[in-house]
Amino acid sequence: GENVEQHPSTLSVQEGDSAVIKCTYSDSASNYFPWYKQELGKGPQLIIDIRSNVGEKKDQRIAVTLNKTAKHFSLHITETQPEDSAVYFCAASLVPGGGNKLTFGTGTQLKVEL
Amino acid sequence: GAVVSQHPSWVICKSGTSVKIECRSLDFQATTMFWYRQFPKQSLMLMATSNEGSKATYEQGVEKDKFLINHASLTLSTLTVTSAHPEDSSFYICSARRTSPRTDTQYFGPGTRLTVL
């Protein structure tokens with residue numbers, strides 16, 4: 001089955017700096033890669049996703065890049081703000097054939113310091 | 001759009017009792033919903049896939065008689081923890097799969113904190 005590794009487990013940045021979180025996946029058939037933000041005591045919130053037919057996607061301060069050959073994808077947050085502090089999870093799945101059954105990474109605790 | 005609710009948000013129960021958690025997709029229909037369990041400072045662990053009108057598919061190691069899942073409509077799935085014990089205390093989160101010709105996305109509920117005394 002699919003295995004997703006995520007690094008780093010914790011990341012501390014100064015407000016205004018950029019943050020990068022990296023994930024690798026094992027199953028070359030996976031074609032859908034979402035990123036979720038989870039605040040303490042809440043459910044995960046989808047922040048951006050990318051499909052395997054594109055290499056990069058951007059939404060304001062957030063971008064995701066995908067390298068299918070190397071089987072890794074990354075989340076980039078620019079101009080970080082204190083409200084970006086949360087746990088971020090990457091995931092991988094196969095759609096539609098795999099039923100979008102997500103395999104999650106282990107999470108990254110991002111702390112944005114003033 | 002794409003709002004998923006869970007009820008209750010938290011519940012405390014005595015050992016041996018059963019607890020039902022509801023998951024609703026409020027603004028879209030979901031033929032598939034998923035149930036996850038999350039321990040403190042850990043990732044989400046998929047427990048089962050709930051399909052409307054059919055039996056749920058459980059992940060390896062998850063007791064189907066312990067965690068009863070019912071997906072009776074396109075907007076509602078329920079998880080019942082039967083004969084709960086302290087080791088069942090956890091954060092339970094559901095998600096609903098939203099599909100269209102251009103999208104196939106999971107949206108998560110806010111979670112339910114279960115504490116078994």
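Every value quoted in this text rests on a predicted model; they were computed, and no experiment measured them.

Q: Just to check I follow, could you spell out the environment of B:K64 for this structure?
A: Residues and elements named next belong to chain B. Structurally, K64 can be placed in the loop between β6 (57-58) and β7 (67-73). Looking at K64, the relative accessible area reads 53%, which means it is exposed. K64 sits 17 residues away from M47 along the chain, and the two C-alpha atoms are 9.4 Å apart.

Q: What should I look at first to understand the nonpolar core in this one?
A: Soluble globular proteins tend to bury their nonpolar side chains together. Formed by 25 residues in total, the largest nonpolar core has its most connected members in B:W35, B:F67, B:L79, B:Y92 and B:L114. Looking at this core, the elements with two or more residues in it are β2 (10-13), β3 (19-25), β4 (32-38), β5 (44-51), β7, β8 (76-81), β9 (90-99) and β11 (112-116) of chain B. Once residues within four sequence positions are removed from consideration, B:Y92 is found in contact with B:Q6, B:I21, B:Y36, B:R37, B:M47, B:F67, B:L79, B:G111, B:T112 and B:L114. Core analysis: the next-biggest nonpolar cluster, separate from the first, contains 24 residues, A:L11, A:C23, A:F73 and A:C90 among them.

Q: Please clarify how the packing of aromatic side chains should be interpreted in this entry.
A: The description of two aromatic rings rests on the distance between their centres and on the angle between their planes. Applying the stated criterion to the full structure yields twelve aromatic pairs over all chains. Pairing A:F89 with A:F104 gives two aromatic rings, centres 6.2 Å apart and planes at 90°, and the pair type is edge-to-face. Of this pair, A:F89 sits in strand β9 (residues 86-92) while A:F104 sits in strand β10 (residues 103-104), placing them 15 residues apart in sequence. Of the two residues examined, A:F89 and A:F104, each falls in the buried class. Ring geometry for A:F104 and B:F108: centres 6.0 Å apart, planes at 70°, overall edge-to-face. Placement of A:F104 in strand β10 and of B:F108 in strand β10 (residues 104-108) is noted, with the two residues assigned to different chains. Note on accessibility: A:F104 and B:F108 belong to one class, buried. Through pairs of rings, three or more aromatic residues link up here, namely A:Y36, A:F89, A:F104, B:Y36 and B:F108.

Q: In this structure, what is going on with the environment of B:V4? I would like to understand it.
A: All names here are of chain B. Mapped onto the fold, V4 is located in strand β1 (residues 4-7). Along the chain, V4 and S95 lie 91 residues apart, while their C-alpha atoms are 7.2 Å from each other. Leaving out residues up to four positions away in the same chain, V4 has contacts with C23, R24, S25, F28, C94, A96, Y107, F108, G109 and P110.

Q: Teacher, can you tell me more about the interface of chain B and chain A here?
A: Buried accessible area, meaning the area lost when the parts come together, often serves as the stated size of an interface. Counting from both sides, the interface comprises 20 residues of chain B and, opposite them, 20 residues of chain A. Carbon and sulfur atoms make up 52% of the surface buried where chain B meets chain A, a total of about 1500 Å² over both sides. For chain B, the biggest contributors to the area lost against chain A are B:D104, B:Q106 and B:F108; these three give 30% of the whole. For the interface between chain B and chain A, the tally reads one salt bridge. We note a salt bridge from B:E59 to A:K101, for which the minimum N-O separation is 2.9 Å. Our count for the chain B to chain A interface comes out at seven residue pairs in polar contact (both at pLDDT 80 or more). Broken down by secondary-structure element, the contributors of at least two residues to the side of chain B that touches chain A are β4, β5, β9 and β10 of chain B. Considering only residue class, the side of chain B that touches chain A consists of nine nonpolar, seven polar and four charged.

Q: Looking at this model, I keep getting lost on the side chain of B:T49. Mind explaining?
A: Residues and elements named next belong to chain B. Mapped onto the fold, T49 is located in strand β5. Given a relative accessible area of 12%, T49 falls into the buried group. For T49, the residues in contact, after removing those within four places along its chain, are T32, M33, F34, A56 and T57.

Q: Whenever I open this one, the state of the cysteines confuses me. Can you help?
A: Disulfides are covalent bonds that connect the sulfur atoms of two cysteines. Residue and element names in this part refer to chain B. Enumeration according to the criterion identifies two disulfides over all chains in this entry. Note on cysteine connectivity: C23 is disulfide-linked to C94, with sulfurs 2.0 Å apart. Where C23 bonds to C94 through sulfur, the torsion about that S-S bond is close to 80°, and the disulfide is right-handed. Taken together, the residues C23 in strand β3 and C94 in strand β9 connect sequence positions 71 residues apart.

Rules used throughout
- Residues numbered from 1 in each chain as written.
- Chains lettered and ligands numbered in written order.
- Predicted model: local features only at pLDDT ≥ 70, side-chain atom pairs only at ≥ 80, totals over all residues.
- Heavy atoms only, no water.
- Helix = DSSP H or I, 4+ residues; strand = E, 2+ residues; numbered from the N terminus.
- Buried < 20%, exposed > 50% of the residue type's maximum accessible area, 1.4 Å probe, protein only.
- Core = buried A, V, L, I, M, F, W, Y, C linked by side-chain atoms within 4.5 Å.
- Contact = heavy atoms within 4.5 Å.
- Phe/Tyr/Trp six-rings, centres within 6.5 Å; stacked < 30°, edge-to-face > 60°.
- Buried area = accessible area lost by both parts, 1.4 Å probe.
- Salt bridge = Lys/Arg side-chain N within 4 Å of Asp/Glu carboxyl O.
- Polar contact = N/O pair within 3.5 Å; in protein donor to acceptor, adjacent residues only side chain to side chain.
- Nonpolar A, V, L, I, M, F, W, Y, C, P; charged D, E, K, R; others polar.
- Disulfide = S-S within 2.5 Å.

Function-wise, these values are silent; they only describe arrangement.
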